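# Notes for the structure review
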Amino acid sequence: MKYYSTNKQAPFASLEEAVVKGLASDKGLFMPESIQPIDKDVITDLKNKTFHEIACTVAQAFFGQDIEPDTLNEIVKDTLSFETPVVNVRDNIYSLELFHGPTLAFKDVGARFMARLLGYFIQKEGLKQVNVLVATSGDTGSAVANGFLGVPGIHVYVLYPKGKVSPIQECQFTTLGQNITALEIDGTFDDCQALVKSAFMDEALNQHMKLTSANSINVARFLPQSFYYFNAYAQLDRIGEADELVVSVPSGNFGNITAGIFAYWMGLPIKRFIAANNRNDVFLEYLNTGVYTPRPSVSTLANAMDVGNPSNFARILDLFGKYEDPHKEICKRISGYRFTDEEIAATMKQTYTETGYILDPHGACGYQALVNNHLTPNETGVFLETAHPAKFKGVVDQILSTDIKIPAKLKAFMQGKKQSIELSKDFEGFKQFLLQQ
Ligand SMILES: *Cc1c(COP(=O)(O)O)cnc(C)c1O
C-alpha cells in the first residue's frame, strides 16, 4: 500500500516510511491510497468471531499488502491482550469501554500496535535506533511509554508540563525506566508540543538522531483504532441491536473518530457519528459555519480533549474531498455537540444517581451528546468511554461524592520511583540535551 500526504506536495511513501517518519515532508498527514472494503457477508459474520479474529480481518485490509499474515496476527495478538466490552447504561444507550488496557485508556490500542509495528520494521531492516518524541498533557504519554516499554531499537522521550498532570498520570510514564525518558518541562502543554515540533524541523538534530512521533498523526497509531468499532458492532449484533447505530466519540485531536469513519468507509454499517467536544469546539463551529478557525486550547475537566487545532481534521477533510461539497457531506454523517465543565459535571452526577454508571469526564461528553441527539426508538447509541474514571479520581470523587477504587494496574505504577529530567521550555536547552544522547 502506498501512502500519500494530505497536503499532496510530498512523494508517496511506503507503510514503513509513513510509520518511521510520522509526518510527510510537506507537513501533511499520511493517508492510505485506497481503503479496502470488507465484504457484507464478512460483516454479517462478525458476531461469530472473537475480538482477535475481527481485528486480524481489519488489520489485513489495511496492512495485508505489506506484512505477512502470521506476523500481522502476532502484532494484533500482542496489542489486544484485553477486551473492549459494550455495556448498557440505560435504554438504548451503550458504553463501549475502551479502558481495560494497561494504562486504562483507549490510546493503549494504537500505542501498542504502533510500537510493535515499528519494532518489526526496525528489526527487519536493521535500522539504527528510532527516537520517539511525544508531548503529553497526561494520557498520551502513559499509553505511549507503556506501549513502547522494552521494545528493542526504540527510545521514547515523553515531554510533559511540570505540575500540570495528575500524580496518577505522572507515575505512569516517570516510573518505567529502561528505554523511556521522562522530561519535565517548566511550561505548559503547548510549550511541550512546540519543543517537539521544533525538534522535528531542526536539521542538526535530525542528522544526529532518527526522530519520529507517536501522536495520532502516525498511521500506525490511529488506524488500529478502527478495530474496536468493528468489535462494538459485533457485540451489539449478537443482541440484535446493531441495525441503526449512532456512534458518539469524545474528541480532541479527532484520531479516534477518524478511525471510526475509516471503519464506516470500509462498509461497517454505522448510521451516523457524533463528535462530542468540551469547550474546545472548533469542529462544531466548522459544522455550523463551514469555516475552520483553529485557536489556542482552553483547559477543561476533560483535559485529554483540550485541543484547539485537531490534527486529524485534515484527514477528515481529505476523506470527504472527493465530493463537490465536502462540508455538506461531512454534516450529513457527523454532528457535533459541546459541553461546558458545568454540563460535564451535571451529566456525571445525574447518570450516576439514575443508573449507577460512573462516567469519566470524557465519556460524559460522549454520553450526553447521545442524549441531546434524541435517538429514535429504533436507533442504538454507543459512546466511546475513552478512559477509566479512576484516572481522574480527584475530579470524579469530588463531583459524585464517591471514593472510587483504584484498579490494581494503576496502583502498581504508583508504587514505582519517579525518575525525570527537568528542562526549561527553551528549545536550545532541549536540543543540547538530545544532542548529547
Ligand atoms: C486522547 C483522548 C481523547 C481524544 O481522542 P482523540 O483521538 O484525540 O480525538 C478522549 N478521551 C481520552 C480519555 C483521551 O485520552
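All of the points below concern the structure found in this document. (Residues numbered from 1 in each chain as written. Predicted model: local features only at pLDDT ≥ 70, side-chain atom pairs only at ≥ 80, totals over all residues. Heavy atoms only, no water.)

### Topic: the sheet that holds strand β3 (residues 86-90)
Note the threshold: Here, strands pair whenever DSSP counts at least two bridges between them. We count a stretch as a helix when DSSP gives it H or I for four or more residues in a row; a strand needs E for two or more, and each element gets its number in order from the N terminus. Axis lines are fitted through C-alpha atoms, for helices just across the contact stretch, and the angle between N-to-C directions can take any value from 0 to 180 degrees.
Spatially, the six strands line up as an open sheet ordered β3-β4-β12-β9-β10-β11, and their pairing is mixed. Each of the sheet's edge strands pairs with one partner strand only, and the pair in question is β3 and β11 (334-338). Geometrically, the sheet is characterised by an average inter-axis angle of 25° between neighbouring strands, direction not taken into account. Bridge analysis of β3 against strand β4 (residues 93-97) gives four bridges, and the strand direction is antiparallel.

### A word on the pattern of salt bridges
Spelled out, the test is: Just to be clear on terms, a salt bridge is a Lys or Arg side-chain nitrogen sitting within 4 Å of an Asp or Glu carboxyl oxygen. Relative accessibility decides the category of a residue: with a 1.4 Å probe and only protein chains considered, values under 20% of the type maximum give buried, values over 50% give exposed, and everything between is partly exposed.
By the definition in use, this model includes 21 salt bridges. Here Lys418 makes a salt bridge to Glu184, at a shortest N to O gap of 3.5 Å. Of this pair, Lys418 sits in the loop between α19 (408-414) and β13 (421-424) while Glu184 is found in strand β7 (residues 180-186), placing the two residues 234 residues apart along the sequence. Using a relative accessible area of 40% as the deciding quantity, one classes Lys418 as partly exposed. A residue is classified by how much of its surface remains accessible, and Glu184, at 6% relative accessible area, is buried. Here Arg272 and Glu379 are joined by a salt bridge, their closest N and O atoms 2.7 Å apart. Here the residue Arg272 occupies a position in strand β10 (residues 272-277), and Glu379 occupies one in the loop between α17 (361-372) and β12 (380-385), the gap between them amounting to 107 residues. Here the two residues Arg272 and Glu379 agree in accessibility, since each one is buried. Via salt bridges that share partners, Glu244, Lys271, Arg272 and Glu379 belong to a single interconnected network.

### Observations concerning the environment of Ile358
Structurally, the position occupied by Ile358 is in the loop between α16 (341-355) and α17. The exposure class of Ile358 is partly exposed, given its relative accessible area of 23%. In sequence terms Ile358 and Ala275 are 83 residues apart; their C-alpha atoms lie 21 Å from each other.

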